[in-house]
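# A structural walkthrough
So you can see what is in the structure, the chains are spelled out below.
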Amino acid sequence: MAETKREIERKYEATGDDVRLPDLTKVTGVAGVVDKGVAELDAVYYDTQDLRLAADSLTLRRRTGGDDAGWHLKFPVATGIRDEIRAPLSPDVPRTLAALLRSRVRDAQLTPVVRLLSSRHVRHLLDGDGTLLAEVSVDAVRAERLSPAPGATAAWTEVEVELADDVDPALLDRVEKRLRKAGLRPSHSASKLARALAETAPDTPDTPAVLAVEKAPAAGKTTDKITDKATAGDHVLGYLRAQRDALVDLDPAVRRDLPDSVHQMRVATRRMRSAFKSYGKVLDRTVTEPVGEELKWLAGELGVDRDQEVLTERLQGRIAALPRPLLLGPVRGRLRIWSVARRSGSRRKTIAVLDSKRYLALLDTLDALLAGPPLRPAARRPVAEVVPKAVLKDYDRLAGRIAHALELGPGGPRDLAMHDARKAAKRARYAAEAAKPALGAPAKKFARRMKAVQTVLGDHQDSVVAREALRGLAIQAHLAGESAFTWGLLHGQEAATAADRERELPEVWRKASRPGLRERLLA
């Protein structure tokens, strides 16, 4: 059984081998320092032969000694902050941890790459009540390279300050100030493993090295700088790489059931698929369309989980807003049972999808496509000649769908047309967001307008889905001998919401499509 701990720490090193801690009771808030003695730690770090985990600042180790012996998998959260997932000692990598690494490791083998022997002298910093504030350790480390190219060793001494749970991180600043006065400086390496890999790496061209790389931007965000010499191909591929990286990064978050992770992973799949369609003059559609279909499959499978989450939150909000006299029967209890049953099934299905051969094959396909992209002639042209036209093409597509939806009367056909317009609005928005590094403020403004249209159309579609769910809940309540009044009332509220969005759409679209939009994008 794995457990997770948020680790907030800082590392320091001295110019020489003699590391002496200053009197830390002089740090504001620290009333006492308790010497906890020396622990001998033996840790073996695992990775693929091409060091995929280290390249993404992940560490997987099997450690004995100390009070937390076991398997530890660490994911970076921010500078100096990592989530450490622990599992009991076992001969092989625990399945729970291996699953969290599957999107990166895939069919490769995890093997020992470095062994670290640390003699750790631990002190506890306490407040006036004797509560633990932080743990300060002086680690004398000896590293041995196990693979690839085993044999090299390195040794160093470092100081590590780890914050205790629920303690104000400002304490770390005060401790650091004291350590700096004593001649210590922040470590150049983010972790012991990173330093060990760097200092034991053989100087041969065939041996992979871990370089200091900047992580790809999060889903939907791209910080690629577009220069005057950048081509449309450079721009589109940079965006697609960011989404591929987001997909890989979000896989373990989904497995851990972290908030919003399913939604963000689904968005990454949609952004890639949308980019394939929007930039068909840059990338050959005959190659990207099959990949897009696989992305559509993945988004659909992930959507089972995400859509249930959104729908439940919507219905809970509706119920919470009702006056108590209008809540007839066990309304909240029935919704809870209904939601848990559907959520449980969808959760299992989501994990099964991420464990499937089809999903891993999709990740491999994306890697291969980005390594050898099917570029068309337009890919060699300047960004400004290609990207604005692609964005405006999606805009024209959206305009046609909205016009069609507004021509229809209320009912099923209009609901479907509004849903089609919503998908077109999302595609136009994604195209504009992808264009931001190239087009700047005009693309940002365009994306904001398309998002406003998408929001109206999205709320309309959510009301359609909610009405179907409410009808089902009303039937369940009736068959159980409960009053169906509240469910019918909520159904009526959702119908009124849909009507409001239909009346609102023409004005929102008028504002979004105001004159000058084309000229600004093409300028």
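This is a predicted model, so every value here is computed, not measured. (Residues numbered from 1 in each chain as written. Predicted model: local features only at pLDDT ≥ 70, side-chain atom pairs only at ≥ 80, totals over all residues. Heavy atoms only, no water.)

### Looking at the overall build of the chain
For the chain, the count of helices and strands is 15 helices and 9 strands. When its C-alpha atoms are laid out on the principal axes, the chain stretches across 80 × 65 × 45 Å. Counting across all 523 residues of the chain, residues that qualify as buried make up 47%. Pairs at least 24 residues apart make up 73% of the contacts formed inside the chain by residues separated by at least 6 positions. Accessible surface computed for the chain: about 25400 Å², of which carbon and sulfur atoms make up 52%. Across the chain, the 89 positively charged side chains and the 73 negatively charged ones have centroids separated by 6 Å. (Helix = DSSP H or I, 4+ residues; strand = E, 2+ residues; numbered from the N terminus. Buried < 20%, exposed > 50% of the residue type's maximum accessible area, 1.4 Å probe, protein only. Contact = heavy atoms within 4.5 Å. Areas by Shrake-Rupley, 256 points an atom, 1.4 Å probe, with all protein chains shown as cover. Lys, Arg positive; Asp, Glu negative; His and termini not counted. Charge placed at Lys NZ, Arg CZ, Asp CG, Glu CD.)

### Description of the layout of surface pockets
The calculated volume of the second largest pocket comes to roughly 1300 Å³. For the second largest pocket, the lining is made up of 39 residues, of which Arg266, Arg270, His419, Arg422 and Lys426 are closest to its centre. Elements that contribute at least two residues to the lining of the second largest pocket include exactly α7 (261-278), α8 (285-321), α9 (331-354), α11 (383-407), α12 (412-439) and α13 (441-479). Per-element tally for the lining of the second largest pocket: the top contributor is α8, with 10 residues. When the residues that make up the lining of the second largest pocket are grouped by side-chain class, the tally is 7 nonpolar, 11 polar and 21 charged. (1 Å grid on protein atoms, 1.4 Å probe; cavity = no way out; pocket = protein on both sides within 12 Å on 5 of 7 lines; lining within 4 Å. Points joined across faces, edges and corners; volume = space filled by probe spheres on them. Nonpolar A, V, L, I, M, F, W, Y, C, P; charged D, E, K, R; others polar.)

### A short note on the packing of helix α6 (residues 232-255) against α7
Packed helices, taken two at a time, are described by the angle between their axes plus the distance between the axes. Across the interface, α6 lies against α7 with an axial gap of 9 Å and an inter-helix angle of 155 degrees. By the angle between their directions, the pair α6 and α7 is classed as roughly antiparallel. The chirality of how α6 crosses α7 is left-handed. Residues Tyr239, Leu240, Gln243, Arg244, Ala246, Leu247, Leu250, Asp251, Ala253 and Val254 of α6 pack against Ser261, Val262, Gln264, Met265, Ala268, Thr269, Arg271, Met272, Ala275 and Phe276 of α7. Tallied by class, the residues present in the contact of α6 with α7 amount to 13 nonpolar, 4 polar and 3 charged. (Axes fitted to C-alpha atoms, helices over the stretch in contact; angles between N-to-C directions. Parallel < 35°, antiparallel > 145°, perpendicular 65-115°, else oblique. Left-handed = near helix turned anticlockwise from the far one by under 90°.)

### With respect to the pairing of strand β4 (residues 70-78)
The pairing of strand β3 (residues 59-64) with β4 spans 5 bridges and is classified as antiparallel. Each residue of the ladder has a partner; that of Arg62, found in β4, is Trp71. The antiparallel pairing of β3 with β4 creates a hairpin that spans 5 residues between the two strands, and Gly65 there sits at a positive phi of about 95 degrees. Across 7 bridges, the pairing between β4 and strand β5 (residues 81-87) is antiparallel. If you follow Ala78 over to β5, its bridge partner there is Ile81. Linking β4 back to β5 in an antiparallel pair, the connection comprises 2 residues, with Gly80 at a positive phi of about 80 degrees. (Pairing = 2+ DSSP bridges.)

### Digging into the confidence of the model for the chain
On average, residues of the chain carry a pLDDT of 90, and 93% of them reach 70 or more. Predicted confidence for residues 209-226 stays below pLDDT 50, and this span has 31 contacts to residues more than four positions away or in other chains. (pLDDT = per-residue confidence, 0-100.)

### Overview of the pairing of strand β7 (residues 132-145)
Of the pairings in the sheet, the one linking strand β6 (residues 111-126) to β7 comprises 13 bridges and is antiparallel in character. Across the sheet, Ser119 pairs through a bridge with Ala140, a residue of β7. What sits between β6 and β7 in their antiparallel hairpin is a turn of 5 residues, with Gly130 showing a positive phi close to 85 degrees. Summarising the sheet, β7 and strand β8 (residues 153-163) pair through 11 bridges and their orientation is antiparallel. By the bridge assignment for β8, Asp139 is matched with Glu158.

### Some details on the packing of α13 against helix α14 (residues 485-512)
At their nearest, the axes of α13 and α14 sit 9 Å apart, and the two run at 165 degrees to each other. Between α13 and α14, the angle falls in the class roughly antiparallel. You can see that α13 and α14 cross each other, and the crossing is left-handed. For the contact of α13 with α14, the residue count by class is 18 nonpolar, 4 polar and 9 charged.

### What about the side chain of Ser261?
Within the secondary structure layout, Ser261 lies in helix α7. Looking at Ser261, the relative accessible area reads 4%, which means it is buried. A polar contact is formed between the side chain of Ser261 and the backbone oxygen of Ala253, at a distance of 3.4 Å. A polar contact is formed between the side chain of Ser261 and the backbone oxygen of Leu258, at a distance of 2.7 Å. (Polar contact = N/O pair within 3.5 Å; in protein donor to acceptor, adjacent residues only side chain to side chain.)

### Some details on the side chain of Thr200
Inspection of the secondary structure assignment puts Thr200 in helix α5 (residues 192-200). A distance of 3.1 Å separates the side chain of Thr200 from the side chain of Arg145, its partner in a polar contact. A polar side-chain atom of Thr200 sits 2.6 Å from the main-chain carbonyl oxygen of Ala196. Apart from the residues lying within four places of it in its own chain, the contact partners of Thr200 are Arg145, Ala152, Thr153 and Ala154.

### Brief notes about helix α4 (residues 170-181)
Over its 12 residues, α4 extends 17 Å from the first C-alpha to the last, a length consistent with the 16 Å expected when each residue adds 1.5 Å. Within α4 the residues assigned to the buried category are Leu171, Leu172, Val175, Glu176 and Leu179. Along the axis of α4, the buried positions cluster into a sector of 135 degrees, meaning they face one direction only. Counted as exposed and oriented over 90 degrees from the buried face of α4: Lys177 and Lys181. Where α4 is buried, its residues meet β1 (3-13), β6, β7, β8 and β9 (185-186). At the C-terminal side of α4, Gly183 shows a positive phi close to 100 degrees. (Expected span 1.5 Å × (residues − 1). Arc of directions from axis to C-beta.)

### What to know about the pattern of salt bridges
In this structure the tally under the stated criterion is 53 salt bridges. In this structure, Arg86 engages Glu84 in a salt bridge whose closest nitrogen and oxygen atoms are separated by 2.5 Å. Since its relative accessible area comes to 2%, Glu84 is described here as buried. (Salt bridge = Lys/Arg side-chain N within 4 Å of Asp/Glu carboxyl O.)

### Concerning the environment of Met265
Mapped onto the secondary structure, Met265 falls in helix α7. Taking the C-alpha atoms as reference points, Met265 and Leu505, separated by 240 residues in sequence, lie 29 Å from one another. Excluding anything up to four places from it in sequence, Met265 contacts Leu247, Leu250, Asp251, Val254, Leu302, Leu354 and Tyr359.

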